Each structure stands twice: as C-alpha cells, then as structure tokens.
Amino acid sequence: MSDLKSKFLEVYSALKSELLHDPAFEFTDVSRQWVERMLDYNVPGGKLNRGLSVIDSYQLLKDGKELTDEEIFLASALGWCIEWLQAYFLVLDDIMDNSQTRRGQPCWYRLPKVGMIAVNDGIVLRNHIPRILKKHFRGKPCYVDLLDLFNESFQTACGQMIDLITTLEGEKDLSKYSIPLHHRIVQYKTAYYSFYLPDDYLDCFGHPDVIGKIGTDIEDYKCSWLVVKAMELSNEEQKKLLHENYGKEDPTSVAKVKELYNTLNLQGVFEEYESKSYEKLISSIEAHPSKAVQAVLKSFLAKIYKRQK
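Residues numbered from 1 in each chain as written. Predicted model: local features only at pLDDT ≥ 70, side-chain atom pairs only at ≥ 80, totals over all residues. Heavy atoms only, no water.

Quick reminder of the rule: UniProt positions are given in the numbering used here, feature names are shortened, and annotations may be inferred rather than shown by experiment.
Under the annotation held in an unreviewed UniProt entry, the protein chain carries the name Farnesyl diphosphate synthase 2 and is attributed to Actinidia rufa. Recorded in UniProt for the protein chain, the comment headed Sequence similarities (unreviewed entry) runs: "Belongs to the FPP/GGPP synthase family." A UniProt comment under Cofactor (unreviewed entry) is attached to the protein chain, and it reads "Mg(2+)".

**Description of the overall build of the protein chain**
Where we set the bar: To qualify as a helix, a DSSP run of H or I must reach at least 4 residues; to qualify as a strand, a run of E must reach at least 2; elements of each kind are numbered from the N terminus. Each accessible area is a Shrake-Rupley estimate made with a 1.4 Å probe; only the visible protein chains count as cover when residues are assessed.
Each helix and strand in the protein chain was counted, giving 15 helices and 2 strands. In the structure as shown, the protein chain presents an accessible area of about 16,300 Å², 55% of it carried by carbon and sulfur atoms.

**A look at unusual backbone geometry**
For clarity, the threshold we go by: Buried, partly exposed and exposed residues are distinguished by accessible area as a fraction of the type maximum, computed with a 1.4 Å probe on protein chains only: under 20%, between the cut-offs, and over 50%, respectively.
Even without being a glycine, L48 presents a positive backbone phi close to 65°. Examined against the element boundaries, L48 turns out to sit in the loop between α2 (29–42) and α3 (49–61). With a relative accessible area of 3%, L48 lands in the buried category.

**What to know about the nonpolar core**
Defined as follows: We define a nonpolar core as any set of buried Ala, Val, Leu, Ile, Met, Phe, Trp, Tyr and Cys residues linked to one another through side-chain atoms lying within 4.5 Å. By definition, residues are in contact when any of their heavy atoms lie within 4.5 Å.
Counting 48 residues, the largest nonpolar core has W80, W84, L125 and L133 as the members making the most contacts within it. Taken together, the elements giving at least two residues each to this core come down to α1 (2–20), α2, α3, α4 (69–96), α5 (117–137) and α6 (143–151). Element by element, the count of residues in this core is highest for α4, at 16 residues. Those residues in contact with L125, other than ones at most four positions away along the chain, are M38, L39, V43, W84, A87, Y88 and V91.

**What to know about a nonpolar patch on the surface**
To be explicit about the condition: Residues forming no salt bridge and having over 30% relative accessible area are the ones grouped into patches, like charges within 9 Å of each other and nonpolar side chains (Val, Leu, Ile, Met, Phe, Trp, Tyr) within 5 Å. Salt bridge, as applied in this entry: a Lys or Arg side-chain nitrogen positioned within 4 Å of an Asp or Glu carboxyl oxygen.
On the surface, M116, V119 and I123 cluster together into a nonpolar patch covering about 260 Å² of accessible area. Checked against the element boundaries, I123 lands in helix α5. The exposure class assigned to I123 is partly exposed, which follows from its relative accessible area of 41%.

**Quick word on the pattern of salt bridges**
Within this structure, the stated rule accounts for 14 salt bridges. The salt bridge involving K16 is made with D40; its shortest N-O contact spans 3.1 Å. Of the two residues, K16 is situated in helix α1 and D40 in helix α2; the sequence distance between them amounts to 24 residues. Two residues, R102 and D94, come together in a salt bridge whose shortest N-O distance is 2.7 Å. Through salt bridges that share partners, K16, E36 and D40 make up one connected network.

**Some details on helix α12 (residues 236–245)**
What counts is decided by this rule: Directions are taken from the helix axis to each C-beta atom, and the arc is the one they span. Whenever a nitrogen or oxygen atom comes within 3.5 Å of another N or O atom, the pair is scored as a polar contact, on the condition that within protein one atom can donate a hydrogen and the other can accept it, and that pairs from neighbouring residues in sequence are kept only if both atoms are in side chains.
Here α12 has its buried residues at Q238, L242 and N245. Across the axial projection of α12, the buried residues extend over an arc of 85°, all falling on one side. Turned more than 90 degrees off the buried face of α12, the exposed positions are E236 and E237. Structurally, α12 contributes buried residues whose contacts are with α11 (225–233) and α13 (251–263). One side-chain oxygen of the residue at the start of α12 lies 3.1 Å from the amide nitrogen of E237, identifying that residue as N235. The positive-phi residue at the C-terminal boundary of α12 is G247, with phi of around 90°.

**Considerations on the side chain of D121**
Stated precisely, the cut-off is as follows: This count recognises Lys and Arg as positive and Asp and Glu as negative, with His and chain-terminal groups excluded.
Topologically, D121 is positioned in helix α5. In this structure, D121 is buried with no salt-bridge partner, the nearest side chain bearing the opposite charge being R37 at 7.9 Å. Side chain to side chain, D121 and W108 meet in a polar contact 2.8 Å long. Once residues lying within four places of it in the same chain are set aside, the contact partners of D121 are W34, M38, W108 and V114.

**What to know about the packing of α3 against helix α15 (residues 291–304)**
Which entries qualify depends on this criterion: To obtain an axis, a line is fitted to C-alpha atoms, over the contacting stretch when the element is a helix, and the angle between two such axes runs from 0 to 180 degrees between their N-to-C directions. Under this scheme an angle from 65 to 115 degrees is roughly perpendicular, one under 35 degrees roughly parallel, and one over 145 degrees roughly antiparallel; angles in between are oblique. We call a crossing left-handed when the near helix sits turned anticlockwise from the far one by less than a right angle, and right-handed when that turn is clockwise. Gly counts as polar in this scheme, as do all residues outside two lists: the nonpolar Ala, Val, Leu, Ile, Met, Phe, Trp, Tyr, Cys and Pro, and the charged Asp, Glu, Lys and Arg.
Between α3 and α15, the least distance of the axes is 9 Å, while the angle of their chain directions is 155°. In terms of their interaxial angle, α3 and α15 are classed as roughly antiparallel. The handedness of the crossing between α3 and α15 is right-handed. Here N49, S53, D56, S57, L60 and L61 of α3 lie close against α15, whose contacting residues are A292, V293, A295, V296, S299, F300 and K303. By residue class, the composition of the contact of α3 with α15 is 7 nonpolar, 4 polar and 2 charged.

**Digging into the packing of aromatic side chains**
Basically, it comes down to this: We call Phe, Tyr and Trp rings a pair once their centres come within 6.5 Å, taking the six-membered ring for Trp, and we label the pair stacked below 30 degrees between planes, edge-to-face above 60, and tilted otherwise.
Tallied over the entire structure, the rule returns 12 aromatic pairs. Ring centres of F8 and W80 lie 4.3 Å apart, and the angle between their planes is 10°; on these two criteria the pair is classed as stacked. Here F8, found in helix α1, pairs with W80, found in helix α4; they are 72 residues apart in sequence, far enough to count as distant. Residue F8 is classed as buried on the basis of its relative accessible area, which comes to 0%. Exposure remark for W80: the relative accessible area of 0% places this residue in the buried category. Between Y221 and Y246 the ring centres are 5.5 Å apart and the planes differ by 90°, which places this aromatic pair in the edge-to-face class. Pair noted here: Y221 is in the loop between α10 (208–211) and α11 and Y246 is in the loop between α12 and α13, with a separation of 25 residues, a long-range link.

Here it is, written out as structure tokens:
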C-alpha cells in the first residue's frame with residue numbers, strides 16, 4: 001500500500017507540473033507560485049481515501065491482475081480528479097462554515113493575504129479537473145462519461161444548500177431536525193462523490209489532533225446526527241438545555257451540549273448504530289452477483305468502518 005501511495009503522489013507532482021505550465025493561460029512567476037502553493041496546501045494533505053480507492057477498485061475489477069504503468073497512471077489521474085474535487089468543496093465549505101482548521105492546519109482562507117481570494121481558488125481547483133481529463137482521456141471511449149460524471153456536482157451543491165439553510169429553520173425550532181432530514185443532507189452533500197457516515201460524530205468527539213480540524217457543528221446550529229439523536233433521547237429538561245445552548249458560540253454553551261451528549265451516551269448509541277449498519281451493508285454486498293464488485297464495496301467499507309478521522 002505504501003508503494004502504491006508513493007506512486008500515487010508521484011502522479012500528483014506530474015499533474016501539478018502540467019497544470020502550472022498549461023498553455024491555455026500565460027502564467028507570471030507570481031501567479032504560478034500562488035497556484036502551486038494553493039495546490040500543495042489543499043489537494044494532497046488529506047487521507048487520500050477517495051483517490052487511492054480508484055486504483056484499488058480498478059485492480060479489483062481486473063480480478064487482481066497486475067496493472068501496467070499506464071493503467072496505474074490513468075487510474076491515479078482519475079483518483080486525483082476526485083481529490084481535486086474534494087479540495088474544491090472543502091476550500092469553499094470552510095469559508096461558508098467559518099471554520100478555523102482543516103487537516104491539522106489553518107483553513108486556506110484564514111492564511112494571511114489569502115482571505116476571500118480563496119473563493120476564486122476554489123473555482124480554479126474545480127476547473128483543473130476538465131484540464132486533467134482532456135489531457136489524459138480525450139480520445140478514449142470513457143471520456144464523455146468521465147466529463148459527465150465530474151460535471152454532476154449538482155447533488156453536492158444542493159446538499160450543501162440544505163445543510164446551510166436548515167440552520168435558519170433550526171434556530172427557530174430545533175425539533176424540526178430529524179433523521180430523514182439529516183440523511184438527505186449527507187446523501188447529497190458527500191455520498192454522491194464518495195461515501196458517507198455521520199461525520200458529525202467525529203466533528204464532536206474526534207480530537208482535533210487526530211481528525212485535523214476543530215469541529216463547529218454545535219456552534220453552527222448544524223442538523224447533525226448527534227443533535228437529532230439527542231432530541232430523540234432527551235427528557236423535557238434536557239431538551240430545554242439543548243434549545244438554550246445549541247448554536248451558541250461561547251465555549252460554556254458548547255461544553256454544556258457536549259456534556260449532555262455524554263450523559264445520553266451518544267458515543268455508545270453511535271457505536272451500536274455503526275455496528276448494525278456494517279452488518280446490514282455486508283449482507284447487501286454479499287448479495288451482489290459479481291465477486292469483483294463485492295470486493296470493491298468491501299474495500300470501501302473497510303476504509304470507513306470504525307473510522308477515527
């Protein structure tokens with residue numbers, strides 16, 4: 001796996017170099033340095049689960065046959081397109097959520113001299129994807145399908161919209177937050193281009209040093225799995241505490257909400273939910289007629305089950 005990851009990172013360097021010398025734009029030294037710094041800061045710093053899964057999946061679908069150098073390069077290039085897409089979403093998401101940190105470092109827009117230039121940087125990241133596809137896949141039978149696939153970010157944008165505007169409803173009435181609403185948000189916001197599980201669990205209980213960011217779901221009034229479950233399990237007095245403290249930025253209110261989450265044993269509730277979901281997914285996967293597809297789906301599941309970051 002480490003050898004595969006090092007090859008994957010080599011492809012990042014190659015793609016970055018191509019983009020920094022793209023003949024479609026006449027770079028100055030300053031603009032080239034800006035884009036290079038922006039890419040290095042935002043694209044390769046995460047777990048790379050999504051990108052590496054493309055190579056894993058391709059190998060599994062070929063029944064484990066050894067891939068040629070060209071196949072590894074092309075699968076890696078596609079994997080990096082997903083990482084570019086993820087970087088685009090995260091750069092803009094952090095601005096909208098007023099986040100502080102991402103991947104163990106300050107959010108890109110928080111850096112001196114970056115600020116709202118990050119909005120345009122997000123657009124640049126998004127527009128790098130068709131440049132990569134055009135250079136490496138044009139003329140191949142899958143080219144049009146790939147363009148269609150990467151252009152289909154409508155669901156994610158709508159999921160983000162629901163995530164943002166439901167906070168306005170929640171401020172008026174926290175009881176409007178429900179499991180079906182939460183499912184809609186995560187289904188559209190992240191599931192379309194990867195997979196989902198309640199990331200908001202990590203937002204609250206994950207340590208910033210491990211998950212690489214400071215969670216702000218409580219302060220941001222987010223319709224999270226945790227607050228929905230808390231509303232389900234709370235008595236009237238506990239619901240009153242939630243109404244009074246959820247969505248407040250002061251550390252005392254945040255601490256009171258987290259203390260209630262602990263009192264309700266939401267970590268235990270989540271672990272039970274995760275375990276049951278895992279068993280259900282394994283049963284569904286093993287019902288699929290193709291062993292190769294089963295292997296791909298089980299590989300995905302292994303990456304997220306009992307995930308810590």
